[in-house]
Amino acid sequence: MTMLSHRFSRALAQGRAKPAEAPSRASLLAILLRKRAVAHNQGADELESLLRDQIRWSLPIVRDDEKISAE
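Residues numbered from 1 in each chain as written. Predicted model: local features only at pLDDT ≥ 70, side-chain atom pairs only at ≥ 80, totals over all residues. Heavy atoms only, no water.

### Digging into the packing of helix 2 (residues 25-42) against helix 3 (residues 45-58)
Right, so step 1: Two elements in contact, helix 2 and helix 3, have axes separated by 9 Å at closest approach and are oriented at 160°. By the angle between their axes, helix 2 is roughly antiparallel relative to helix 3. Every pair of crossing elements has a handedness; the one defined by helix 2 and helix 3 is left-handed. Of helix 3, the residues touching helix 2 (which contributes Arg25, Leu29, Leu32, Leu33, Lys35, Arg36, Ala39 and His40) are Leu47, Glu48, Leu51, Arg52, Gln54, Ile55 and Ser58. (Axes fitted to C-alpha atoms, helices over the stretch in contact; angles between N-to-C directions. Helix = DSSP H or I, 4+ residues; strand = E, 2+ residues; numbered from the N terminus. Parallel < 35°, antiparallel > 145°, perpendicular 65-115°, else oblique. Left-handed = near helix turned anticlockwise from the far one by under 90°. Contact = heavy atoms within 4.5 Å.)

### Let's talk about the nonpolar core
Right, so step 1: If you look at the biggest cluster of nonpolar residues, it comprises five residues: Leu29, Leu32, Ala39, Leu51 and Ile55.
Right, so step 2: Secondary structure elements with two or more residues in this core: helix 2 and helix 3.
Right, so step 3: Of all the elements, helix 2 adds the most residues to this core, at three residues.
Right, so step 4: If sequence neighbours within four positions are ignored, leucine 29 has contacts with Ile55, Ser58 and Leu59. (Core = buried A, V, L, I, M, F, W, Y, C linked by side-chain atoms within 4.5 Å. Buried < 20%, exposed > 50% of the residue type's maximum accessible area, 1.4 Å probe, protein only.)

Next up, the structure:
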C-alpha cells in the first residue's frame, strides 16, 4: 500500500501545472493605466480617481539621498 501511495503522489506532482509567476511592477502599472484610461473615456470620475490613487501607490519611490548616490 505504501508503494502505491508513493507512486500516486509522484504522478500527481508531475501532472500539476507550475504556479504562475507574480506579475512585475511594470505590468501591474500598465494594467492600472489602461483601466484608468477606460474609466476616463466612460466618464466614471470616481473610478478614475480611485485608479489614480492606486497608480500613485504603485510607482516606485525615489528619495533625495538615493538620487545623489545614483549620480
